[in-house]
Amino acid sequence: MTTNKDTILFRLVGQLIKYFLLMLFGFAIAYVLSTALGALQIIPLLIAVLKMVFLPLGIILICLITIMVILESLR
């Protein structure tokens, strides 16, 4: 029988990566559908949201991943 040796930070970062990638996938689907259906006025809004929301979230997520890797390697 194996025990769960993952730290709380490891599980948190895993969940954050999962939801971040799901949100990016949703925006990719919205972008493709808006271009395919001819709703081109939505594309600048999607790009603005990507720049204003997902860029800082991505940077924070990369910092958390770095902290997690350092802490796991010290452990």
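As a starting point, this report considers the structure included with it. (Residues numbered from 1 in each chain as written. Predicted model: local features only at pLDDT ≥ 70, side-chain atom pairs only at ≥ 80, totals over all residues. Heavy atoms only, no water.)

Helix and strand content of the protein chain: two helices and zero strands. Since a compact globule built from 75 residues should have a radius of gyration of about 11 Å, the 17 Å found for the protein chain marks it as more spread out than a globular shape. The buried share of the protein chain, reckoned over its 75 residues, is 12%. (Helix = DSSP H or I, 4+ residues; strand = E, 2+ residues; numbered from the N terminus. Rg over C-alpha atoms; globule rule 2.2 N^0.38 Å. Buried < 20%, exposed > 50% of the residue type's maximum accessible area, 1.4 Å probe, protein only.)

All chains considered together, the criterion is met by two aromatic pairs. Plain terms: the ring middles of phenylalanine 27 and phenylalanine 54 are 5.0 Å apart, the flat faces sit at 80° to each other, and that makes the pair edge-to-face. One end of the pair, phenylalanine 27, is in helix α1 (residues 8-37); the other, phenylalanine 54, is in helix α2 (residues 43-74), and 27 residues separate them in sequence. Residue phenylalanine 54 is classed as buried on the basis of its relative accessible area of 6%. Taken together, the ring pairs connect Phe20, Phe27 and Phe54 into an aromatic cluster. (Phe/Tyr/Trp six-rings, centres within 6.5 Å; stacked < 30°, edge-to-face > 60°.)

Take a nonpolar patch on the surface next. A cluster of nonpolar side chains, Met23, Met52, Val53 and Leu57, forms an exposed patch at the surface whose accessible area comes to about 370 Å². At three residues, the largest contribution of residues to the nonpolar patch is made by α2. Counting through the fold element by element, valine 53 comes out in helix α2. A relative accessible area of 39% places valine 53 in the partly exposed class. (Patch = residues over 30% accessible without salt bridge, like charges linked within 9 Å, V, L, I, M, F, W, Y side chains within 5 Å. Areas by Shrake-Rupley, 256 points an atom, 1.4 Å probe, with all protein chains shown as cover. Salt bridge = Lys/Arg side-chain N within 4 Å of Asp/Glu carboxyl O.)

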